[in-house]
Each structure stands twice: as structure tokens, then as C-alpha cells.
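# Fold and contact review
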Amino acid sequence: MSTVNDVYGSNAASALANAQTSNLMGDTQDRFLTLLVTQLQNQDPLNPMDNAEVTSQIAQLSMVNGIQGLNNTLLALSGQMDMSQSLQAAGLIGKDILYPGEKISLGTDPDTGAKAATPFGIDLMSGAAKTKVSILDSAGKVVREIELDAKDAGIYPMTWDGLDSAGAAVPDGAYTVQVAASDADGQPVSAEALTSGHINSIAYTSEGLKLNLALGQKISLLDIRQVM
């Protein structure tokens with residue numbers, strides 16, 4: 001799979017960067033020692049270098065080497081995290097997920113004639129005493145409102161039977177979901193609508209790891225709210 005090759009390519013690039021940094025550290029040390037020896041050989045016998053000055057120069061070199069060593073450690077840790085994240089994401093291929101979004105689709109089963117909407121959900125950032133989920137058609141008209149009882153903070157998957165508030169079937173097509181929540185004092189609670197997607201593949205891009213969904217969307221691993 002090309003995505004795995006991309007991950008290995010990223011690790012190879014990190015290894016090359018580490019090797020180049022190591023070579024740079026070695027070159028820096030060699031140049032420093034050469035300059036120090038030359039300086040000592042050509043110093044004025046009547047005004048030799050002060051021990052404190054030599055010690056200061058060596059300390060500066062040690063500090064530079066320490067910073068470069070720290071950078072190497074951080075690069076190695078970053079590469080390990082990238083690999084771990086990529087392996088974790090690879091295990092999600094073929095899974096259905098919920099992620100931030102308002103779009104849902106309504107269709108009719110040709111065999112049973114039953115209406116079926118794509119799964120969706122809501123994400124409550126804190127507990128809510130009252131939550132209202134509204135489903136709107138392509139013209140922005142509310143066709144169905146769903147009132148929920150008190151809920152704790154968390155993710156709540158939902159389904160829609162394709163009926164409007166009067167119990168009549170609505171046409172197949174694209175719809176959107178909006179959610180509004182409030183606490184016991186009537187103050188707004190942060191809430192977010194979630195839509196569903198199917199993970200087809202993963203890709204390691206210049207913007208980091210991306211999940212390629214069935215309908216062409218590309219999302220971050222951090223966008224996943226729930227794996228179904």
C-alpha cells in the first residue's frame with residue numbers, strides 16, 4: 001500500500017536527517033579543536049590565553065553539542081510517534097466513524113421501501129439539561145426536531161427515520177443537522193453536530209497523517225469522535 005511506503009519514506013528521511021546532524025556535530029568538534037590548537041600554537045608567549053577563556057570556549061562547544069543532541073532525541077521521538085500514529089490509523093481502514101460535520105443523506109431501501117438516513121450524532125462538551133436536534137432540508141427549512149432528555153457530556157450517536165415532525169415521509173436527498181443545548185439555568189452549552197464516514201485509506205502528507213473517506217473527504221486522526 002502506498003501509504004505504508006509513505007510512512008517508511010518519512011522514517012527514512014528522519015534517519016537521514018539524524019545522520020546529517022551527527023556528521024555536522026563531528027565536523028563542528030573537529031573545526032573547534034583545530035582552531036583551538038592553532039590558537040594555542042600561535043599565542044603570544046608574553047600574553048598567553050587565559051585558562052578561563054579556554055574553559056569558556058569548551059563550555060560553549062559542549063552547550064552547542066548538548067542542544068544538537070537534544071534535537072536528535074526530539075527528532076527520534078517524533079519519528080516514533082509518527083510510526084505509532086500511522087500504525088494506529090492503519091487499523092481504522094474499513095471502519096465507520098463519526099466526525100464533525102452537519103451533512104446527512106436520506107434514501108429508500110429498494111427491497112423494503114423503508115427510509116434510511118446515514119448515521120449521525122452530537123458531541124456535548126458539558127452536561128446539558130435540554131438538547132434540541134434539528135434536521136433541515138436543502139432549502140434550510142426545519143423538517144424534524146428531536147428533543148433529548150438531560151445528558152452528560154459525551155458523544156451520542158443518533159438515527160433518523162426519514163419522517164418529518166408530523167410523521168410524514170420526506171423526499172430522499174441531502175439534509176443537514178443542527179444542535180442546540182442548554183444547562184439547567186438556560187445557559188448555552190457548547191455542542192457540535194457529527195456526521196458519519198467510512199475510512200478507505202490513510203496517507204502521510206505534508207500536512208501530516210490524513211484519513212481518506214469513501215466520499216472523498218480528507219480528515220485528521222484527531223477529527224475522529226467515535227469509531228462505530
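For the structure, see preceding data.
Please read all numbers here as calculations on a predicted model, not as lab measurements. (Residues numbered from 1 in each chain as written. Predicted model: local features only at pLDDT ≥ 70, side-chain atom pairs only at ≥ 80, totals over all residues. Heavy atoms only, no water.)

Turning next to the environment of threonine 176. Looking at the element boundaries, threonine 176 is found in strand S8 (residues 173–182). Sequence separation between threonine 176 and alanine 193 is 17 residues; the distance between their C-alpha atoms is 9.2 Å. Every residue in contact with threonine 176, bar those within four places of it in the chain, is listed here: Glu102, Lys103, Ser134, Ile135 and Leu136. (Helix = DSSP H or I, 4+ residues; strand = E, 2+ residues; numbered from the N terminus. Contact = heavy atoms within 4.5 Å.)

Turning our attention to the nonpolar core. With 21 residues, the main nonpolar core has Phe120, Val133, Ile135, Trp160 and Tyr175 as its most contacted residues. The set of elements that each furnish at least two residues to this core consists of strand S2 (103–108), strand S4 (120–124), strand S5 (130–136), strand S6 (142–148) and S8. A total of four residues in this core trace back to one element, the largest contributor, which is S8. Beyond its immediate chain neighbours, meaning those up to four positions away, isoleucine 135 contacts Ile104, Phe120, Lys141, Val142, Val143, Arg144, Ile146, Trp160, Tyr175 and Thr176. Listed in part, the twelve residues of the second largest apolar core include Ala89, Ile199, Leu211 and Ile224. (Core = buried A, V, L, I, M, F, W, Y, C linked by side-chain atoms within 4.5 Å. Buried < 20%, exposed > 50% of the residue type's maximum accessible area, 1.4 Å probe, protein only.)

A word on the pattern of salt bridges. For the structure on display, the rule yields five salt bridges. The shortest N-O distance in the salt bridge between aspartate 172 and lysine 115 comes to 2.6 Å. Of the two residues, aspartate 172 sits in the loop between strand S7 (154–158) and S8 while lysine 115 sits in strand S3 (residues 115–117), which places them 57 residues apart along the sequence. Using a relative accessible area of 40% as the deciding quantity, one classes aspartate 172 as partly exposed. The partly exposed category is assigned to lysine 115, whose relative accessible area is 25%. A salt bridge links aspartate 161 to arginine 144; the nearest nitrogen and oxygen atoms lie 2.9 Å apart. Linking aspartate 161 in the loop between S7 and S8 with arginine 144 in strand S6, this pair joins segments that are 17 residues apart in sequence. The partly exposed category is assigned to aspartate 161, whose relative accessible area is 38%. Taken together, the salt bridges that share partners define one network made up of Asp123, Glu192 and Arg225. (Salt bridge = Lys/Arg side-chain N within 4 Å of Asp/Glu carboxyl O.)

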